[in-house]
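Remarks on the overall topology
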Amino acid sequence: MLDRITIAMAIPSITQIAKRSLVVILAIACFAIGQAAYISDTRFSPVYALVSDIRDGRFLDTDTGRIETFFSAYQPHAHLCLSQERQAASFLKLYYGDLQASRSSLLASERRATWQEAQTLILDALSCNPTDGDLWLRMAILERLLDPKSDRIDHFLTLSESTEPNEPVIARLRTQFFPTR
């Protein structure tokens with residue numbers, strides 16, 4: 001009988017097994033999320049560098065091909081809210097629209113479609129980071145491009161001002177694009 005008690009005592013209880021399993025599952029989940037973020041950061045580092053150059057004034061027609069290549073491979077991550085990645089994608093779409101608009105051969109309908117795609121990407125980025133005043137400002141700019149008499153322009157500007165009231169770069173852009181506000 002002593003042998004049976006020893007064997008029974010060696011078998012962990014169901015709650016112990018459940019606790020250990022939960023710890024293992026959480027560890028695997030943390031590793032998977034970290035790995036996904038790491039892969040995304042390394043995969044998007046050239047894109048982040050391009051976005052930084054664009055913010056510093058880069059405007060080269062040759063970037064059109066790079067951006068088209070990026071968007072042919074880009075898939076928004078529905079399961080993770082990677083706001084930096086989504087913000088970069090929306091910014092590149094805006095830049096792409098500017099490059100396309102600078103070409104005189106672009107039809108108005110094609111330009112409008114590009115701005116609408118950019119607006120969709122910005123809304124996607126805002127779903128991850130609704131307190132980004134820069135994105136709200138860009139929504140206002142796009143809204144003005146799409147419909148200069150829209151009531152939503154003031155709404156987007158108000159959101160930009162309330163989320164980033166004193167950020168110098170954003171405040172300067174607001175004044176530049178909306179001088180009468």
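Residues numbered from 1 in each chain as written. Predicted model: local features only at pLDDT ≥ 70, side-chain atom pairs only at ≥ 80, totals over all residues. Heavy atoms only, no water.

A short note on the packing of aromatic side chains
- Here the structure, examined in full by the defined rule, presents five aromatic pairs.
- Aromatic side chains Phe70 and Phe71 sit 4.9 Å apart centroid to centroid with 70 degrees between the ring planes, which places their arrangement in the edge-to-face category.
- Its relative accessible area of 13% is what places Phe70 among the buried residues.
- Consider the rings of Phe71 and Tyr74, whose centres lie 6.1 Å apart with planes at 80 degrees: the pair is edge-to-face. (Phe/Tyr/Trp six-rings, centres within 6.5 Å; stacked < 30°, edge-to-face > 60°. Buried < 20%, exposed > 50% of the residue type's maximum accessible area, 1.4 Å probe, protein only.)

A look at the packing of helix α4 (residues 83-102) against helix α5 (residues 108-128)
- Contact geometry for α4 and α5: axes closest at 8 Å, N-to-C directions at 165 degrees. By the angle class used here, α4 and α5 are roughly antiparallel. As for how α4 packs across α5, the hand of that crossing is left-handed. Contact residues: Ser83, Arg86, Gln87, Ala89, Ser90, Lys93, Leu94, Tyr96, Gly97, Asp98 and Ala101 in α4; Arg111, Thr114, Trp115, Glu117, Ala118, Leu121, Ile122, Asp124, Ala125, Ser127 and Cys128 in α5.
- Residues that form the contact of α4 with α5 fall into these classes: ten nonpolar, six polar and six charged. (Axes fitted to C-alpha atoms, helices over the stretch in contact; angles between N-to-C directions. Helix = DSSP H or I, 4+ residues; strand = E, 2+ residues; numbered from the N terminus. Parallel < 35°, antiparallel > 145°, perpendicular 65-115°, else oblique. Left-handed = near helix turned anticlockwise from the far one by under 90°. Contact = heavy atoms within 4.5 Å. Nonpolar A, V, L, I, M, F, W, Y, C, P; charged D, E, K, R; others polar.)

Brief notes about the confidence of the model for the protein
- Model confidence for the protein is summarised by a mean pLDDT of 83, while 85% of its residues fall at 70 or above.
- Mean pLDDT in the protein bottoms out at helix α1 (residues 2-10), which sits at 55, and peaks at helix α7 (residues 152-163), which reaches 95. (pLDDT = per-residue confidence, 0-100.)

Quick look at the layout of surface pockets
- Roughly 660 Å³ of internal volume is contained in the largest pocket.
- Lining of the largest pocket is provided by 25 residues; of these, Phe91, Asp98, Arg138, Leu173 and Phe177 occupy positions nearest its centre.
- Counting only elements with at least two residues in the lining of the largest pocket, the list comes to α2 (14-55), α4, α6 (133-146) and α8 (168-177).
- The residue makeup of the lining of the largest pocket, split by class, is 13 nonpolar, three polar and nine charged. (1 Å grid on protein atoms, 1.4 Å probe; cavity = no way out; pocket = protein on both sides within 12 Å on 5 of 7 lines; lining within 4 Å. Points joined across faces, edges and corners; volume = space filled by probe spheres on them.)

Describing the packing of α6 against α8
- Put simply, α6 and α8 touch, their axes get as near as 10 Å, and they point 15 degrees apart. In terms of their interaxial angle, α6 and α8 are classed as roughly parallel. Relative to α8, the crossing made by α6 is left-handed. Side by side, α6 and α8 meet where Gly133, Asp134, Leu137, Arg138, Ile141 and Arg144 of the first sit next to Ile170, Leu173, Arg174 and Phe177 of the second.
- For the contact of α6 with α8, the class distribution of residues is five nonpolar, one polar and four charged.

Focus on α8
- Listed in full, the buried residues belonging to α8 are Ile170, Leu173 and Arg174. Down the axis of α8, the sector holding all buried residues measures 105 degrees, keeping them to one side. Turned more than 90 degrees off the buried face of α8, the exposed positions are Pro168, Arg172, Thr175 and Gln176.
- Close packing links the buried residues of α8 with α6 and α7. (Arc of directions from axis to C-beta.)

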